[in-house]
Amino acid sequence: MSRFKVSKFRHTEARPSRREAWISDIRAGTTASCGNHIKSSCHLIAFNSDRPGVLGIVPLESQGEDKRQVTYLGCHSDLVTDLDFSPFDDFLLATGSADRTVKLWRLPASGQALPSVPGLVLGPEPVQVEVLHFHPTADGVLASAAGMAVKVWDVAKHQALTELAAHGDLVQAAVWSRDGALLGTICKSTEAHKNGKDGRLAWTGIQEHLVSTGFNQMREHEVKVWDTRHFSSALASLTLDTSPGSLMLLLDPDSGLLILAGKGESRLSCYEVLPQQPALSPVTQCLLESVLRGAALVPRRALAIMNCEVLRVLQLSNTAIVPVSYHVPRKAVEFHEDLFPDTAGCVPASDPHAWWAGSNQQVQKVSLHPAHRPHPSFTSCLVPPMEPSLDAAQPAETPVGDTDPSEGFSSPLSSLASPSTPSSLGPSLSSTSGIGTSPSQRSLQSLLGPSSKFRHAQGTVLHRDSHITNLKGLNLTTPGESDGFCANRLRVAVPLLSSGGQVAVLELQKPGRLPDTALPTLQNGAAVTDLAWDPFDPYRLAVGGEDARIRLWRVPPEGLQEVLTTPEAVLTGHTEKIYSLRFHPLAADLLASSSYDLTIRIWDLQARAEQLRLQGHRDQIFSLAWSPSGQHLATVCKDGYLRVYEPRGGPEPLQEGPGPEGARGARVVWVCDGQCLLVSGFDSRSERQLLLYPAEALAGGPLAVLGLDVAPSTLLPSYDPDTSLVLLTGKGDTRVFLYELLPEAPFFLECNSFTSTDPHKGFILLPKTECDVREVEFARCLRLRQTSLEPVAFRLPRVRKEFFQDDVFPDTTVSWEPVLSAKAWLGGANGQPRLISLQPPGMSPVSQAPREAPARRVPSSAIYLEEKSDQQKKEEVGPGEGWPMWACTGSWLHLVIAFSSLVQPRLGHEPVSHFSRFGSSLGRSSRALKLTHGVQDAGSQGRAEEASSGLAQSKQSQVPLGPWHIFERLRQCAETAALGLQCCESACL
């Protein structure tokens, strides 16, 4: 080839897309890493969001005129450092993270929910993963770089085929050659570029040639072309401008076009790599409207071939993804083979075993000619596709009740299909009170999955008049096992930071600003670790201390007026500080406590003595909880086990099961009428998660695991047994998660969460009797802030609030009356709590409310059939042409449309909606009979023409036509179409 041959890309134009084609309203991440922050397959785009560990997923092409919706995938508990799509499977995504793991995800097609768990997890590595790259010829081979080592994985077997550790510094890039035989790497301290800042690497269309980018000693961007047979010096070098951001390298080996994109810059530079000379020939430059945060190439199989689009770059900015197309102007609209040579297909040539054994078989190439499409497709078996549930949600018909108009539909999919969306879909066991579901609604529920009737719940901070403000000196360092404060229906107990373990007692019935002077307190004598109100005695408070003692305090009925220094009783027996305190739910004077001595002790407060002792824990006890029946007690421990005890049956656990993997803290609570245990904790990568266990079979592990987010504090669950709702938040959080729990799939139904502008220090649920039932308030909580205490009401929007919403408020437990005495329970007795209705006096249940009849919109035909006097007929004559004024009213239009609706279905023609659009223009009989001409029936057409002719003659002779005359003409047409006047009348009604 002559070195002076003109390039076919010399006239290439860069065309940034119009704003309508942008993927807007995103928030891209700007964290420094060795990746490009965005990747594309032939169907999907994945990019780093501004939330650590979360990727945005969006279709590459829009579907019709609909705007592309961005969904979010919670991948890791830390920053996503790199990502890569499989070259064979467009929906297989690999992600690497600072949490030191590599995960593979099977992404669904557009419109389906994103997975909540990865298909495969590789690692963990000793340090964070920096680079990922799929093998170009073998499915299931993946290269990853972490620190100074590069591993080649057999993904299917979860094992590394080899580890390349001969690097002296951090590996910044690792790329496969086109034939998959060689792996090129570049590390921080390299001779390729004198400066140790970010470097990039790519193979050209020639097997032996590489292109690298980096910085020289003057901190200038430079690009070099290398021959793998002679690494002593570069074949070609190009020096660019000075910029602090790394220079991303996007190379298309088929065309030889190279895109250079500097992070933090607003320019794309296009070069052609000429390996025969070798040289880098400039092609064009493109100025961008916004700063680059990342860039990716769209695969050639997804380009607009007939428009001569030779490249498409996706620019990731702070708020949008902007496609930039590179076109070669050609006059003829045809396939240009010189611009689009055959490219690698999407069917792999070998598997990991064959490739590792030495096979160098290449991927079969495919033509890009539109006539040769579609190309063969391939679905990798590494992560099987998600199968749709066979038993799609079919909610049962329910009585008509009072509900929001949208009740019965699933909530629309949020833009964040995040970790908070369970992957399994099944029938919902929750009642969907309200209007009955139609077949179309049921099919929509089958598509989107079941939904909770509480999904539209609204959390609202109540008026400032109900706040307690000017709180000072709060103890915000209580142990993670404690809620931080406690409350009953009368008062709140809050630990203070002052010495001596002081506890302030505030009256809920006396909101307002507290005085600036010191409050009267309980002098506990030791730092407070946990505290709890007696559910059957609202004036008794149990306080656990670091001195291993439990003190029982008696608060006067009028409130705390002075400092109390002497408790009612002191319980001693534990040898280490107290963890947590829990009163028995049914028996009076019975308290369970856990301690650092790894025991749980059950106390008879009447006798002020220890009665039972439970053991079997090998590490710190994070939490304990009584079952609703009071017969069992569950614990979750730092040793990684969940245990259930039958305290009266023996000191050893009745059963054990695996608990959360993380050792940072956990909580346990009984849910679903005691059938299940809900545990909130952390996984091995410090991601907060929920685990739902069957109470009768802990050894089999959790029924479902739901990942939420990454935060340092343990999620504190508050469970409402009446609605099966759990509220979850942590100390220092600003968000309260809300889920309805089911004992069967899908287990977790997400509802609207409550978000505040500033973090709270504690969040607890008040008794159900404190809710304002008339406002459909199903939960009342207290939110502890730095200097105030605020009530938060959770309400459900309903239309007919004048009725008692009995589907939301079932009979509730009388939690303030004991069922048993401590002595009776210790003797083996059991009991059931009494239930009461929350229905206010004077309100009727919505289930018994009369169904609202639809308003009559069409007048009775009697209006038109009654005999009129001559005087009435004269009054009906309109001005001008002597036309009846009533003919221009809506009643006459209803009659004509009703008549047409009777004729049309019989003859198989268009429905009434076809006629209704003429309603605004109908005013005279000639136009009305034009509608009857739309009925294509020979017999009726002749009679209609006759009627039209008769009416025209009447009009010409200025004979006024009353309602009866018009109706008689229409009746004649109806008879011709074998429809009687009686049917016409019923249609009008």
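Residues numbered from 1 in each chain as written. Predicted model: local features only at pLDDT ≥ 70, side-chain atom pairs only at ≥ 80, totals over all residues. Heavy atoms only, no water.

Going by the annotation in an unreviewed UniProt entry, the name recorded for the protein is Coronin, with Canis lupus familiaris given as the source organism. According to the UniProt record, the Sequence similarities (unreviewed entry) comment for the protein reads "Belongs to the WD repeat coronin family." (UniProt positions renumbered as here; feature names shortened; annotations may be inferred.)

Caption draft 1: Representation of the packing of aromatic side chains within the structure. Counted according to the given criterion, the structure contains 11 aromatic pairs. Relative to Phe809, the ring of Phe804 has its centre 6.0 Å away and its plane inclined at 25°; by these criteria the two rings are stacked. When the ring centre of Tyr72 is taken as origin, the NZ or CZ atom of Arg51, which lies over that ring, is 4.7 Å away. (Phe/Tyr/Trp six-rings, centres within 6.5 Å; stacked < 30°, edge-to-face > 60°. Lys NZ or Arg CZ within 6 Å of the ring centre and 35° of its normal.)

Caption draft 2: Local environment of the UniProt feature "repeat: WD" (unreviewed entry) in the protein. The feature "repeat: WD" (unreviewed entry), as given by UniProt, occupies residues 73-107, 571-613 and 614-646 in the numbering adopted here. For residues 73-107, the end-to-end C-alpha separation is 9 Å, with 0% helix and 54% strand making up the annotated structure. A helix fraction of 0% and a strand fraction of 52% characterise residues 614-646, whose end C-alpha atoms lie 9 Å from each other. (Helix = DSSP H or I, 4+ residues; strand = E, 2+ residues; numbered from the N terminus.)

Caption draft 3: Seen up close, unusual backbone geometry. Cis geometry is adopted by the peptide bond preceding Pro124, which originates at Gly123 and carries an omega value of 10°. Among the secondary structure elements, Pro124 is positioned in the loop between strand 9 (120-122) and strand 10 (129-134). A cis amide bond links Ala745 to the next residue, Pro746, at an omega of 10°. For Cys308, which is not glycine, the phi torsion reads 60° and is therefore positive. At Asp673, a residue that is not glycine, the phi angle is positive and equals roughly 60°. Residue position: Asp673 is located in the loop between strand 48 (667-671) and strand 49 (676-682). On the basis of relative accessible area, Asp673 is assigned to the exposed category, the value being 68%. (Buried < 20%, exposed > 50% of the residue type's maximum accessible area, 1.4 Å probe, protein only.)

Caption draft 4: Broad picture of the pairing of strand 38 (residues 550-554). In terms of burial, strand 38 is a largely internal element, 4 of the 5 residues being buried. When strand 37 (residues 540-545) meets strand 38, the two strands line up antiparallel, connected through 5 bridges. Bridge pairing in strand 38 places Leu541 opposite Trp553. Two successive antiparallel strands, strand 37 and strand 38, enclose a turn made up of 4 residues, where Ala548 displays a positive phi of approximately 70°. In the sheet, strand 38 pairs with strand 39 (residues 569-571) via 3 bridges, with the strands oriented antiparallel. The residue of strand 39 that forms the bridge with Ile550 is Leu571. (Pairing = 2+ DSSP bridges.)

Caption draft 5: Highlighting the sheet that holds strand 43 (residues 609-614). The strand order across the open sheet formed by 4 strands is 40-41-42-43, and the pairing between neighbours is antiparallel. Only two strands of the sheet have a single partner each, and these edge strands are strand 40 (578-583) and strand 43. Geometrically, the sheet is characterised by an average inter-axis angle of 25° between neighbouring strands, direction not taken into account. Bridge count for strand 40 against strand 41 (residues 590-595) is 5 bridges, and the pairing is antiparallel. Its bridge partner being in strand 41, Phe583 is matched across the sheet by Leu591. (Axes fitted to C-alpha atoms, helices over the stretch in contact; angles between N-to-C directions.)

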